[in-house]
Every structure is written in structure tokens, then in C-alpha cells.
Amino acid sequence: CPVGNRIQVLDLLHHSCRTLPFEARSNIRRIALSPDDRLLIVVDVNHHALLVNYHRGVILHRFSFKKPVRDMKFSPDGSKFAVSAGKHVQVWFTPGVRREFAPMVLHRKYTGLSGDVTTLDWSSDSSILMGGGKDCQARVWTVDTVMDYKPWLLVGHKKPLVGVHFEDRFKINERNQFFVGDGNTGSTLTGKLVARCYTISEDGVIVTRECRKEENDDKEGEVSDDEDGNGKGLDSLGNDAVDFFSGGGGNGTTTTQSNDVHSSDQAHDIVNSRWGTTSRHYFHANSSANTVVSTSFSSKHSLLVVGFSTGLFGLYELPSMSNIHTLSLSHSTIGTVSINPSAEWLAFGCPKTQQLLIWEWRSETYILKQAGHAYGMRCLAYSPDGIVVATGGEDGTVKLWNSHSGFCYVTLPKSHTAAVTAVEFSSPTVVLSASLDGTVRAHDLHRYRNFKTYTSDIPCQFLCMAVDKSGEVVCAGSTEPFRVCVWSVQTGKLTDVLTGHLGPISSLAFHPVRGTLASASWDGTVKVWDLYKSDGGSAPETLENGADVVCLAYRPDGGQICSGSIRGMLRFWNVEDGSLVCEIDGQKDIKGGRKINDRMTSDNNSSSRYFTSIAYSADGTCLLAGGNSKYVCIYEVSQQILLKKFQVSFNRSLDGVLDELHSKNLGDGGALDDEHDSADETSFVPHIPGAKRADDGSRKSRVEVLTMQVAFSPTGREWSTVSGEGLHVYSLDDDMIFDPLALTEAVTPSAVQSNLREGKYGMALLMSLHLNEFALVKSVIEDTPFESISTVVRSIGQEHLSQLIQFMSKCMEDSPHVEYYLQWCLELLQTHGLFMEKNRGKYLRSFRALFRVVQSRYVDLKAICDDNKYSLEFLENQANLLLG
């Protein structure tokens, strides 16, 4: 599914999510995947397209359609794909998966519609193409030129079409066999049914149309062919000639082959046939506000899914139009719907609320339910184990995400009435959130509820928050009055109020070891407070920065503190004596990107570029910094050098991504309105007499590219940042697992035994795991020497861990070598335990099986050992009695 200018792949079976390693130029509007899952075509709002090798995630080609693309579909056989380019429909040959100089070859361009084409569909044999548009009409073309065929125009709607769908040809053949005679199902036409389609408009009207052909025409054609001696009639010869010059209908080597192709081609069946309307149905008869927005059709199962503007969807069986299921999913428009090939799962996307829903209609359960923050994210925090990421949004909600799978598994009940400005974990099961509504709330992650609320004695807005290492004290800094409130987490009482700053408190941080608190303010100072001193009147230590301080961070060992100001300076202070250690001028590193309303170039406009969030790495050697720019920088602290600079997004739909703006979008009065993003929106007509232009009164503004907060994972293997597009997670762990051993003809049981004799126990175990034979794997495991177990375990890759654990649990059930297998288990946990803990969902099933076997063997051995213990004690006592 597209997210901004990126593509996310959701694995519903393993409950994981991955982002493909490429970006489109702008926000993605349409995607199409080939039937064999090899090629992916991505088109953005500015009509630029990417041809991608889906499995490798590699861009094969870039091109532009130059006109708005509102629909795009591959043919069922995968040989071509159709694109709606404005009022025309373009059909292209499907390229290969290898890189070529010019892979895109245009097959044909189809015209005939007076309005922009909004929807497309192919017939089941890929020989017919139908398109519907804003002119309330649909047109039927043959993909290749067919003699004596003239495209049909299907009318009868009053609103633009949102869906056109062909019925599967096998369904039509079954219906022809079921009905007696001409197979008439209600149409005014007579003859053989050769095609059926459905057209759906915005006002909720679905029209069923049938194409019928008189059988007399077929018989006359057969007679004319039989009169010729060799069966080579004029019609067949003409069809062969047309097919030869148009490139369709087979190779045309023999007339018999061409006749077989024509008899099996639906495009030739609709020649000299007539289209007629058989039925007309209405989704809603009384509601004019309920508009059809999106449709999806499963031709094999004759199921139609319809999404409405009110958040309602309906599942219907065609052609009877019986309503199978209806459900309200959201209060906003369902922008897109899809149905899987087995017609069991339905997918829905709501762009305004950023919701993705997958519904199983038979059991009426959610397979997946994901929703982002309504108005964007603002802050984040890692859990102590680094597995969970908590985020706070502008909508006042707190969400919990799994950093490995990428899914949001819970949205805490909304308790804040304003934007959440900070989130922190006080313990693995408690998360705290501060908000502009003047409250700090504690949430229980076991029951997912707000169990305590901390408020100030004076109404204020909290901008930042910090929790001490023990999780007993929480502090929050306010905008006005300029003070820091201190609460006890257990009692919820306001224990202290720290005053002394002359500006809003922008950042707070606790010392990792001591009980001191550092606060940064817009007054240009950093103050260090000792919260546990008995004399509350002691003055805090003040560090002068010379400019407004907006971010603050302690080094993990507590020996150094870093502060960032609005001039782009990063200052490092010694905590013991308060001296300035070094400075890093990051203004030139972070500058870049010209906004649409900037009066100067990006090189000369670095005054507003500064860091708003900083974080130390786990070892304290590097500093991660992000702020009002498209860049996130990583510095090496001891050498004060820039190690790497990450650009968060290349999405040109955001403001500030490009360093230089195109001159055609600049006028004398400033930037011109870019209407590419609204090309598929409804055009507003002027209602005021004498108006020269259409204006609905709404204004659109681009989202600026910047990072609100950055954070390192406690494991040190990844870091995250929050931007206008969402949560970005950068990891050192490679998701692409390389398997050095493929299952080939060389992998045989004899090869396994040969490696065992040569002492290559790791290779022998890998081969046996590939062959997946229990007896062979057991023999390799038990033939491995005790001292070589650790080496063999280290040679096992992540892709074979689950399989090996399952084999271990099965071997250990009845084996007398208990200590030997326990050594295997110990080495597995010591070598791969951290990885399995992070991916607990993937290995939970096999790990439970192993734990169950170990526990049962422990119980058996415990009973035997207890019996032996008592027996030995009895013998010892008897011996003492005899000797005494």
C-alpha cells in the first residue's frame, strides 16, 4: 500500500511490515502489480511513473505519462497494462524484469470518451478493454484490431463513473449451459450471451449490460466456410490478415490455428453483436449525500465491494444484486477498496483518517486495523527493551508501535484534549504523556488505561517532560509561567516547582546516575537543578549559551551534557565543573531546501535551520541531531566531525525538499499555485455572477519537511525520527536474509554423510535442514562433538532458527542425552537469544515447544533424582548404624 511517496508491504500471515527501498518523486496516486508479482508500476500525482522489480525492490525504469493517471491495471494474462491518461487510454506491453534501454513500448492509444477516463477493466481473456469517464459514459474496445468491429458506447448514467467491471467468461459459459434456449436472463435482446459488464456511477446506480449475438450469423459463417473447398472462407482469411498486421490473434501459421484462436477469443465473439441493458439497481434510494467513491469486483466469485463517502461499505453478489454484508467502518470517505483473489478478505483505505482496514466478511472479524495520528506525529519514546515505540500526536492520542513489525498494536484511550508534546517510559509497563492541555497522564500498558493524572496548581501548557531513572519522579516544563513542575509518580502530588527561567522551558533531561535535572529555556540558558538537596533554596548552576536553547541531552554515562540553540550551534559541557568542552556549528550541515514562499535561495537562507532534537548513541560516542530541515545528522563527539547526513524524505509534495525551485512555478508576486495535486478533485464552477474564475473558498498548503524528534534505541541497533510523514525507523539489521546454501541436486543425504566424515558439521546441519528429514537432522545433531556445538550454532543463520528449534524439541522428547541437548539449547540462547527476543512473534511457537519438552524432562529427572537422593540417604544412614 502507498504511504506518501513510499510503498509498504504488509505480510498478513507473519504479521510484519517492510518498506520497499525506493521513493517516488511525489505522493503516490496509483499502483499496479503484475499477475505474476514480478513487476510493480508506481505513478505519483505529477504523472511520473516508476517501473520496479517487486521482489528485489530495484527501479528498472523511470518515465512520465504527461497526463493525469486515475486508473491503471494489468491484463489478466500479464502481457499488457492499460493506463488512463486524460481522455485517452494507453495500452503498453509489459516489460521484462531486466534493465533495458527503452523497456516501455506503446501498443495502442484508445479514444472516444469526451471526459477524463476514471476507471478501467479487462475481460478475462485480455482481449477486450472497457473504460469509463467523467462524461458518464463507458466505451468498449478490442485490444487488437478485429475486422468488422466498431467500439460500442454505453450510456445511461447521470453522474461520472467510478467503476466498470467485466464478468468472468467461464461464468457466462456456465450460465449459457444452465439456461435453456437462447439463455435469456431478462434482456430485451435475443441470441447467445457472449459478454456481460457492470457500470457504476457516483450517484449509486449500477447498470447491468449484456452483449448478445444472433446464432444465425454464426451458422451463415459456417456455411460460407464449408462451401469453400479447403474451408478457407473470406471471413477467416480477412481475420488472419487483420491479426497478422495488428500483432494479435496468434502467429497465423495455419487457418485451423487461427480459427481456434478466433473461437476462443472473446474479442471476435462480440463482432456483429449488440449490447443492451438488462437491469438497473440503486444502492441508496433516499440519501443524496451517500456517494459511491470506490469499487472492486471479483469476477471469479461475482462479488462486488462498494465504498461510500460516509464510511459505509457494502458487499453484493452479482448479477442478482443481493446484499451480503453492509458495515460502517469510519466517519470519513472510503477512498479505495480491494478484494483478494479468494474473495475472503476485503481491504479498505480511508485517506483523511489515515486508516487501513482488512475485513473478513464471512467471520465478520478484522484481520488488520491500522490508523495513524489524525494530524501527524509530534513526539516519540523507546521502551527500555527497544521493542515498543510510543508516539504522541497532534490529535491528543498516544499509540504504541512494534519497532520490528512496524504495526501499531494499541491506541490508548484518548484522555488529552490538546496535542501531546512529550512521551516517556517510566517503566516497561507505564508510559507518561504531557500535553498542551496542562496535564501529564500515566498510562498502564497491561490494562491500557489512564490510571493517574498530574496537574499544576496554575493552568499552563507543558512543552516537555522528563522522568528519572528510578521512575519515581516526573517533571514537566511549561510555556507560561516559565517554571518546571515536579510530581511524585506514586502519590501524584506536586512536590516542587522550579522557577528561575525567563522564557518558556523547551527541554528537560535527568542525569542518568544522579538525581540532578537539566532544563533548557528560550532565555538562552541551561540550568542544572539538584532535586534531592535538603536546602530547597540553593541556586541552580547556570550554563550560558548566548541564544535560545531548544534541545538538551545527557550522555549515557552522565559525564557530558549537550545543548542546541537556534543558531545551529551544539555546545558540549562538562557536568562536573560546568565548563565548555567543545562546539559544533551545524548550521551549514543542516541547511538545504527552499520553501515555496522563500524569497531567497537555500544557500542564503540558513537562519531558520537549527536542531530541535538531539540524542546520544548507546555508547555515547555519537550524537544524533534533527530539526527544521530535511536532514538528520550524526556527529562523532570527540572529533567534532559529521559522520553521515540522512535526508528524511525526497517527496516533492512536501515543502522544502528541493534546493532550487523551477522558474515556471514562480511569478512576480511569488510562487504560483501548483494544481498537480488536485488534478483528480472535483472542479468547482463559479456560482457568483460575473466571476472570472472558480473558487470554492478553500486553501491548500504544503506540509513542511522537518523532524520533530529523534531518538536512539536502547539496543543501539536502530534510531527513529518523527517527521510530517510519520515515524521513520532506521536499522542496522539487514532484513534481506542471505541463504548461502540452495536446495540443488548436490544436496543429498550422501553429501550430508560425506560432510560429517570430513568434520564439516555446520555444512552438514545446513544440508539436513534443507532436506527437512527428521532422521537425518537427528543423526547430524547427535554426531556433532560436544566441543563443536558452539561453532555449529554460530554457523546457523536466522532463516533456519525456527526449524532447528522445532527439530531440537522433537529430538529431545525421547533422547537419553539430556545434558547434550541442554548444551545445544544454551548455545542457541546465548548466540541468537537477543534476535529471538526482538522477533518473539516469529519464534514464539517453536520456542514454546522447546520449553515444554525441557520442562517435562526436568520434571522426570527431578522425580528420579529425588528417589535416588532418598535411597542414598537411607544407605548412608544404614552404613553409619552398622559402623557405629
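All values derive from a computational prediction rather than experimental measurement.

Caption draft 1: Inspection of the overall build of the chain at higher detail. A tally of regular secondary structure across the chain gives 13 helices and 56 strands. Across the 884 residues in the chain, those meeting the buried criterion constitute 49%. Within the chain, residue pairs in contact and separated by at least 24 positions form 48% of the contacts whose partners lie at least 6 positions apart. Of the roughly 43500 Å² of accessible surface on the chain, a fraction of 51% belongs to carbon and sulfur atoms.

Caption draft 2: Highlighting the sheet that holds strand β37 (residues 473–478). The strand order across the open sheet built from four strands is β36-β37-β38-β39, with neighbouring strands paired in antiparallel fashion. Every other strand in the sheet has two partners, leaving β36 (462–467) and β39 (494–499) as the edge strands with one partner each. Sheet twist, expressed as the average angle between the axes of neighbouring strands with direction ignored, equals 20°. Bridge count between strand β38 (residues 483–488) and β39: five bridges; the pairing is antiparallel. Each residue of the ladder has a partner; that of R483, found in β39, is T499.

Caption draft 3: Focus on the sheet that holds strand β5 (residues 39–44). Ordered in space as β4-β5-β6-β7, the four strands form an open sheet in which the pairing is antiparallel. What marks the edges here is a single partner per strand, and that holds for β4 (28–33) and β7 (58–64). On average, adjacent strands in this sheet sit at an angle of 20° to one another, irrespective of strand direction. Of the pairings in the sheet, the one linking β4 to β5 comprises five bridges and is antiparallel in character. Note that in β5 the partner of R30 across the bridge is V43.

Caption draft 4: Looking closely at the pairing of strand β18 (residues 205–213). Extensive coverage of β18 is indicated by the burial of nine of its nine residues. Burial along β18 is two-sided: the residues V205, V207, R209, C211 and K213 and I206, T208, E210 and R212 are all buried. Bridge analysis of strand β17 (residues 192–201) against β18 gives eight bridges, and the strand direction is antiparallel. Residue L193 lies in a different strand from β18, and its bridge partner there is R212. Hairpin connection of β17 to β18: three residues between the antiparallel strands, including G204 at a positive phi of 85°. Judged from the eight bridges that link them, β18 and strand β19 (residues 274–282) form a sheet pairing that is antiparallel. Across the sheet, the residue bridging to C211 is W275, located in β19.

Caption draft 5: Looking closely at the packing of helix α7 (residues 749–758) against helix α9 (residues 774–783). For the pair α7 and α9, interaxial distance at closest approach is 11 Å and the crossing angle is 0°. Judged by the angle between their axes, α7 and α9 are roughly parallel. Facing P749, V752, Q753 and L756 of α7, the residues of α9 in contact are L776, S779, V780 and D783. In terms of residue class, the contact of α7 with α9 is built from five nonpolar, two polar and one charged.

Caption draft 6: Molecular detail of the packing of aromatic side chains. Within the structure shown, the criterion is met by 18 aromatic pairs. Pairing F611 with Y635 gives two aromatic rings, centres 6.2 Å apart and planes at 90°, and the pair type is edge-to-face. Within this pair, whereas F611 is found in strand β48 (residues 611–616), its partner Y635 is found in strand β50 (residues 631–636), the two being separated by 24 residues in sequence. Neither residue differs from the other here; F611 and Y635 are each classed as buried. For K369, the ring lying beneath its charged end belongs to Y366, and the centroid distance is 4.9 Å. A cation over an aromatic ring shows up here: K645 above the ring of Y631, its NZ or CZ 4.4 Å from the ring centre.

Caption draft 7: Representation of the nonpolar core within the structure. Formed by 34 residues in total, the largest nonpolar core has its most connected members in L765, I781, L804, M808 and W824. Elements represented by at least two residues in this core include exactly α7, α8 (761–771), α9, α10 (789–795), α11 (801–812), α12 (818–838) and α13 (840–883). Not counting residues up to four positions away in its chain, the partners in contact with L765 are V777, V780, I781, V792, I796, L804 and W824.

Caption draft 8: Geometry of the confidence of the model for the chain. Per-residue confidence for the chain gives a mean pLDDT of 83; residues scoring 70 or more make up 85%. Segment residues 179–184 is flagged for pLDDT under 50; beyond a separation of four residues in sequence, or across chains, it makes nine contacts in the model. A low-confidence stretch, residues 218–232 (pLDDT under 50), is modelled with seven contacts involving residues beyond four sequence positions or located in other chains.

Caption draft 9: Spatial organisation of the packing of α9 against α11. Across the interface, α9 lies against α11 with an axial gap of 10 Å and an inter-helix angle of 85°. Relative to α11, the element α9 lies roughly perpendicular. Contacts from F774, V777, K778 and I781 of α9 reach α11 at L804, F807, M808, K810 and C811. Classifying every residue of the contact of α9 with α11 gives seven nonpolar, no polar and two charged.

Caption draft 10: Region of interest: the environment of L765. Tracing the backbone through its elements, the reader meets L765 in helix α8. Here L765 falls in the buried class, since its relative accessible area comes to 1%.

Caption draft 11: Seen up close, α8. When you tally the buried positions in α8, you get eight out of 11 residues, the bulk of the element. Residues G762, A764, L765, L766, M767, S768, L769 and H770 constitute the buried set of α8. In the core, the buried residues of α8 are packed alongside α7, α9, α10, α11 and α12. N772, located one to two residues past α8, shows a positive phi value of around 60°.

Caption draft 12: Region of the structure containing the pattern of salt bridges. Scanning all chains against the criterion turns up 17 salt bridges. The closest approach of N and O atoms between K760 and E758, which form a salt bridge, is 3.5 Å. Its salt-bridge partner being K862, residue D866 comes within 3.4 Å of it at the nearest N-O pair. Residue D866 and its partner K862 are located together in helix α13, separated by four residues, close to a single helical turn. Taking the relative accessible area as the measure of exposure, D866 reaches 25% and is therefore partly exposed. A relative accessible area of 42% means that K862 is categorised as partly exposed.

Caption draft 13: Structural view of the pairing of strand β13 (residues 128–133). Counting buried positions along β13 gives six out of six residues, so the element sits mostly inside the fold. Here β13 shows two buried faces, one formed by I128, M130 and G132 and the other by L129, G131 and G133. Pairing analysis gives five bridges linking strand β12 (residues 117–122) to β13, with the strands arranged antiparallel. Paired with L120 across the bridge in β13 is G131. Counted between consecutive antiparallel strands, the loop separating β12 from β13 contains five residues, among which S126 sits at a positive phi close to 65°. Looking at chain direction, β13 and strand β14 (residues 138–142) are connected through five bridges and run antiparallel. Across the sheet, residue L129 finds its bridge partner in β14, namely W141.

Caption draft 14: Quick look at a nonpolar patch on the surface. Where nonpolar side chains cluster on the molecular surface, the patch consists of L829, F847 and F851 and spans about 290 Å² of accessible area. In this fold, F847 is placed in helix α13. Relative accessible area serves as the criterion here: at 35%, F847 is assigned to the partly exposed category.

Basis of the calculations
- Residues numbered from 1 in each chain as written.
- Predicted model: local features only at pLDDT ≥ 70, side-chain atom pairs only at ≥ 80, totals over all residues.
- Heavy atoms only, no water.
- Helix = DSSP H or I, 4+ residues; strand = E, 2+ residues; numbered from the N terminus.
- Buried < 20%, exposed > 50% of the residue type's maximum accessible area, 1.4 Å probe, protein only.
- Contact = heavy atoms within 4.5 Å.
- Areas by Shrake-Rupley, 256 points an atom, 1.4 Å probe, with all protein chains shown as cover.
- Pairing = 2+ DSSP bridges.
- Axes fitted to C-alpha atoms, helices over the stretch in contact; angles between N-to-C directions.
- Parallel < 35°, antiparallel > 145°, perpendicular 65-115°, else oblique.
- Nonpolar A, V, L, I, M, F, W, Y, C, P; charged D, E, K, R; others polar.
- Phe/Tyr/Trp six-rings, centres within 6.5 Å; stacked < 30°, edge-to-face > 60°.
- Lys NZ or Arg CZ within 6 Å of the ring centre and 35° of its normal.
- Core = buried A, V, L, I, M, F, W, Y, C linked by side-chain atoms within 4.5 Å.
- pLDDT = per-residue confidence, 0-100.
- Salt bridge = Lys/Arg side-chain N within 4 Å of Asp/Glu carboxyl O.
- Patch = residues over 30% accessible without salt bridge, like charges linked within 9 Å, V, L, I, M, F, W, Y side chains within 5 Å.

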